[in-house]
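Each chain, letter by letter, is given below.
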Amino acid sequence: LPTLFLSLFLQAKMSRPVQARRLEGIDKNIWVEFVKLADTYSTVNLGQGFPDFPPPDFLKQAFVRALGREDHALHQYTRAFGHPPLVKILAQFFGKLLGRELDPMTDVMVTVGAYQALFCCFQAFVDEGDEVIVIEPFFDCYETMVKMAGGTPVFVPLRPKAPNDGKLMSSADWQLDPAELASKFNKRTKAIVLNSPNNPLGKVFSRGELQLIADLCVKHDVLCISDEVYEWLVYDGKEHVRIASLQGMWDRTVIIGSAGKTFSATGWKVGWAMGPNRLLQHLRTVHQNSVYHCATAAQEAVAQGFQREFALYGKPDSYFVQLPKELQQKRDWLVQSLDAVGMKPIVPEGTYFLVADISAFKSDVPDVPNSNEPYDSRFAKWMVKNKGLAAIPLSAFCCEAHKSNYNHLIRFCFAKEEATLKAANEILQKWKQEKNSP
Amino acid sequence: TMAFRHKNTRRIEGLDSNVWVEFTKVAADPSIVNLGQGLPDISPPSYVKEELAKAAAVDKLNQYTRGFGHPSLVKALSQVYERVCGRKIDPLTDILVTVGAYGSLFSTIQALIEEGDEVIIIEPFYDCYEPMVKMAGAKPVFVPLRYKNDGSSVSSACWVLDPAELANKFNSKTKAIILNTPHNPVGKVFSREELEVIADLCIKHDTLCISDEVYEWLVYKGKKHVKIATLPGMWERTITIGSAGKTYSVTGWKLGWAIGPQNLIKHLQVVHQNTLYTCPTPLQEALAQAFWIDYKRMDDPDCYFYSLSRELESKRDRMAQLLQEAGLKPVIPDGGYFMIVDVSPLNVDVSDVDEKQPYDYKFVKWMIKSKKLSAIPLSAFCAPETKRQFEKYIRFCFIKKDSTLDAAEVILKNWNKQTA
């Protein structure tokens, strides 16, 4: 009889899946699929968001200098919550921008990319039963990270307003409906995730729009997780407003930044979270129980990069002035290329992404009735396989229920060398000619 | 209301303190001879540093690479470990590259452990195992290594598990056992027979094995590192964890890996893509190149995997001698770069160190202050119930350059003179 019980117990264990329930519904990942496709088929990759030009010389030199030092301390562990020179300059730099004194030891934490800072926020603050408001379209990990933390993502869409006659749509034309936004807040709402400048649309939330969000956060005592990785990439003289600087917001906001996006070095995976100690202390707890330390040498180099930028702030030589200038030009080229062939670009106010309407090219990719896959995803896959041009479908940035809402929009990354953008233009031109020829 | 709403989640309740955060701060004073944290002050091999400098100069390597591991690195890892394990390892499906072995432990536990599960942890244990299991909502179940006096000199081999006691810890809720060999802090290298006892129980109870083998190359004369995943019936239920930091003396690179069967690794990959997505590129490329250099000479005694352990063996022996001359009985480790020692013969009165902490915590704080020598208290590696058993022990790290050990020698030689 004991053996019978033992084998019953074993059967019960074996019939349960080996993986934890927290992985339910979060195993699919658009990047794994689309990065593979781009690697296999693309000749021009405007898909995944990374520059195909190098980081600035001063940063590369800082890294080489850090590695060449006589003492090899930079090859060993540094302070777990952030390499002292880096947290010090971040506190100094952003303290100035926010108009407040930041303590480098308690108000700043370095993470493995902004991605890990986001993870720490959700793990630190989202419990089962908590709701988190996510503005659509959204960087896809927000949804899966909320779910992994046992929370419920609540989506509120940016809705496009028809542009004035003859003008191209701008990312500014995509807006939240204030009443709709307010209706998403309730007593279960733990946090709202804000991403400005917004990936994928490129929207730069105005002060007024941020005030709307801030008022609701204060009214409902909700945290704000503010993903500002594209903070330097704003165009046409627009201003990146930091929501933490609005009244009542510092105490309830975690600001997230990225060296990868700031210094065009996505492969370094250095990010940070900033906020009041009362919030950061819990990020530290998650961090010390998950990765504990971040790699040392890159932190040293990023610190030196920021020291240079602190000295040059606002001056023409500042990388934070030059990079957006260069990228604005590239944005304008891509806008022109797409517009010329009939793909309708939504001109982004910020980031290095641009979303375009591909309706004019729909005839190339026939509709498949009863297909599970959203049209834009099938279109993007067809395009990379047949035209060698990689882009990401907008449905990747929408929740399951809304994936078909914008099934004619795809996202391009324009942080690319001139040659790459020219090659993209050629593909588009050839494609258009093929469509027009009988 | 504000304080309540912004409280931390249940999963991290009580996990905020951390022995390292406490002791690295205290020992950061450069006038202190730091034998505490497991931090090499010897140089990594020059070719390892050179490979990183080379990688940093390649533009493409400053951007994102493959999320689950840079292709050249997972390829190199699969080759090295195919040789060691004697079985085929698919670089894309059987390996995940993580931020240090720490990241592999986290990914494994988050992927496979949840509320309702029990996880067996052998004491003393690397301190993060307990909070990581708790953060996953599971219950840690402790089983201690016990000192068995067989008359020979005190070696880490004298610390053993009681097979009956171990078997008693397994039940239908036991999801996994965490094994650490070579063992931190004791330095024990589990023998094949000891691993078979564990393996038999894993198979009998359908339990997973999380095998932390970061010190796998640091095994001293007469001992052999055996991978539990190579025992019959174990590959399909074992995740084996390794570390670049420990392999190449580059703890600041924070690169590690988890190797196992696809049906387990795929879940670690899901965790990874939802936590940090990808690890730094230039470091992975440099590590891959370093691995190729050593893979090609794995038959050669000059291979760093073997030369490092020879270098450390003499440091181990020196450290042991210094402690013995100071009147102590260190536990001679068979592997790893730590050595534990019972300090009760020194009879130091620490009652004026005004804290409700175990003896060894107070002793180490006193020793840092008055002797300018740091170590780590062993009770940091124990559950509350066992702290009493180990509170007379402290842990020294000996992966230190000669001048550091010279400075430690001076302190230890003068110790008796001052207290006499």
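Criteria and cut-off values
Residues numbered from 1 in each chain as written. Chains lettered and ligands numbered in written order. Predicted model: local features only at pLDDT ≥ 70, side-chain atom pairs only at ≥ 80, totals over all residues. Heavy atoms only, no water. Helix = DSSP H or I, 4+ residues; strand = E, 2+ residues; numbered from the N terminus. Rg over C-alpha atoms; globule rule 2.2 N^0.38 Å. Buried < 20%, exposed > 50% of the residue type's maximum accessible area, 1.4 Å probe, protein only. Contact = heavy atoms within 4.5 Å. Areas by Shrake-Rupley, 256 points an atom, 1.4 Å probe, with all protein chains shown as cover. Domains from an automatic or database assignment. Buried area = accessible area lost by both parts, 1.4 Å probe. 1 Å grid on protein atoms, 1.4 Å probe; cavity = no way out; pocket = protein on both sides within 12 Å on 5 of 7 lines; lining within 4 Å. Points joined across faces, edges and corners; volume = space filled by probe spheres on them. Nonpolar A, V, L, I, M, F, W, Y, C, P; charged D, E, K, R; others polar. Disulfide = S-S within 2.5 Å. Axes fitted to C-alpha atoms, helices over the stretch in contact; angles between N-to-C directions. Parallel < 35°, antiparallel > 145°, perpendicular 65-115°, else oblique. Salt bridge = Lys/Arg side-chain N within 4 Å of Asp/Glu carboxyl O. Phe/Tyr/Trp six-rings, centres within 6.5 Å; stacked < 30°, edge-to-face > 60°. Pairing = 2+ DSSP bridges. Right-handed = clockwise from strand over helix to strand, strands pointing away.

1. Things to note about the overall build of chain B
Now for step 1: In terms of helices and strands, chain B carries 15 helices and 15 strands.
Now for step 2: Relative to the compact-globule value of 22 Å for 420 residues, chain B shows a C-alpha radius of gyration of 21 Å, a close match.
Now for step 3: Along the first, second and third principal axes, the C-alpha atoms of chain B reach 60 × 55 × 50 Å.
Now for step 4: By residue count, 65% of the 420 residues in chain B fall in the buried class.
Now for step 5: In chain B, 72% of the contacts between residues at least 6 apart in sequence involve partners at least 24 apart.
Now for step 6: With the model as given, the accessible surface of chain B reaches about 15,200 Å², and the carbon-plus-sulfur share is 51%.

2. Regarding the domain arrangement of chain A
Residues and elements named next belong to chain A.
Now for step 1: Looking at the assigned domains, one finds that chain A contains domain 1 (24-55 + 319-436) and domain 2 (57-312).
Now for step 2: Summarising the inter-unit geometry, the C-alpha centres of domain 1 and domain 2 are found 25 Å apart.
Now for step 3: On the side of domain 2, 48 residues touch domain 1, which itself brings 41 residues to the contact.
Now for step 4: The contact between domain 1 and domain 2 buries some 3,800 Å² in all, and 62% of this surface belongs to carbon and sulfur atoms.

3. Quick word on the layout of surface pockets
Now for step 1: Counted as a void, the second largest pocket has a volume near 1,300 Å³.
Now for step 2: As for the second largest pocket, its lining consists of 45 residues, of which T78 and R79 of chain A together with T24, K25 and A28 of chain B are closest to the centre.
Now for step 3: Secondary structure elements with two or more residues in the lining of the second largest pocket: α10 (277-288) of chain A together with α2 (19-27) of chain B.
Now for step 4: In the lining of the second largest pocket, the residues fall into 17 nonpolar, 17 polar and eleven charged.

4. Concerning the state of the cysteines
Now for step 1: With the rule as written, the count across this model stands at zero disulfides over all chains.
Now for step 2: Left without a disulfide partner, C398 of chain A is nearest to the cysteine sulfur of C399 of chain A, which lies 7.0 Å away.
Now for step 3: Since its relative accessible area comes to 2%, C398 of chain A is described here as buried.
Now for step 4: The closest cysteine sulfur to the non-disulfide-bonded C158 of chain B is located on C382 of chain B, 18 Å from its own sulfur.
Now for step 5: A residue is classified by how much of its surface remains accessible, and C158 of chain B, at 5% relative accessible area, is buried.

5. Focus on the packing of helix α5 (residues 113-125) of chain A against α10 of chain A
Geometry of a packed helix pair, given as the angle between the helix axes and the separation of the axes.
Residues and elements named next belong to chain A.
Now for step 1: As a packed pair, α5 and α10 sit with axes 8 Å apart at the nearest point and diverge in direction by 105°. With respect to α10, the element α5 is oriented roughly perpendicular. In this structure, α5 contributes Q116, F119, C120, C121, Q123, A124 and F125 to the contact, and α10 contributes L279, H282, L283, V286 and H287.
Now for step 2: Looking at side-chain class alone, the contact of α5 with α10 contains eight nonpolar, four polar and no charged residues.

6. Regarding the interface of chain A and chain B
Now for step 1: The interface of chain A with chain B comprises 79 residues on the first partner and 82 residues on the second.
Now for step 2: Between chain A and chain B lies a buried interface of about 6,900 Å² when both sides are counted; carbon and sulfur atoms form 54% of it.
Now for step 3: For the pair chain A and chain B, the number of links is three salt bridges.
Now for step 4: The salt bridge involving E114 of chain B is made with R21 of chain A; its shortest N-O contact spans 3.4 Å.

7. A word on the packing of aromatic side chains
Each aromatic ring pair is summarised here by two numbers: the centre-to-centre distance and the angle between the ring planes.
Now for step 1: According to the stated counting rule, one finds 59 aromatic pairs over all chains in the structure shown.
Now for step 2: Ring centres 5.8 Å apart and planes at 40° place the aromatic pair W382 of chain A and W431 of chain A in the tilted group. One end of the pair, W382 of chain A, is in helix α13 (residues 375-387); the other, W431 of chain A, is in helix α14 (residues 418-436), with 49 residues separating them in the sequence.
Now for step 3: Ring centres 5.5 Å apart and planes at 50° place the aromatic pair F363 of chain B and W366 of chain B in the tilted group. With F363 of chain B and W366 of chain B both in helix α13 (residues 359-371), this residue pair falls three residues apart, about one helical turn.
Now for step 4: Taken together, the aromatic side chains of F58, F93, F94, W232, F263, W272, F306, F310, Y313, Y319 and F320 of chain A make up a single cluster linked through ring pairs.

8. Points about the pairing of strand β7 (residues 174-180) of chain B
All names here are of chain B.
Now for step 1: Counting buried positions along β7 yields seven of seven residues, so the element is predominantly enclosed.
Now for step 2: Taken together, the four bridges between strand β3 (residues 118-123) and β7 define a ladder with parallel strand orientation. Across the sheet, residue I120 finds its bridge partner in β7, namely I177.
Now for step 3: Both β7 and strand β8 (residues 208-212) contribute to a ladder of five bridges, which runs parallel. From the neighbouring strand, I178 faces β8, where its bridge partner is I210.
Now for step 4: In terms of handedness, the path from β7 via helix α8 (residues 192-204) over to β8 forms a crossover that is right-handed.

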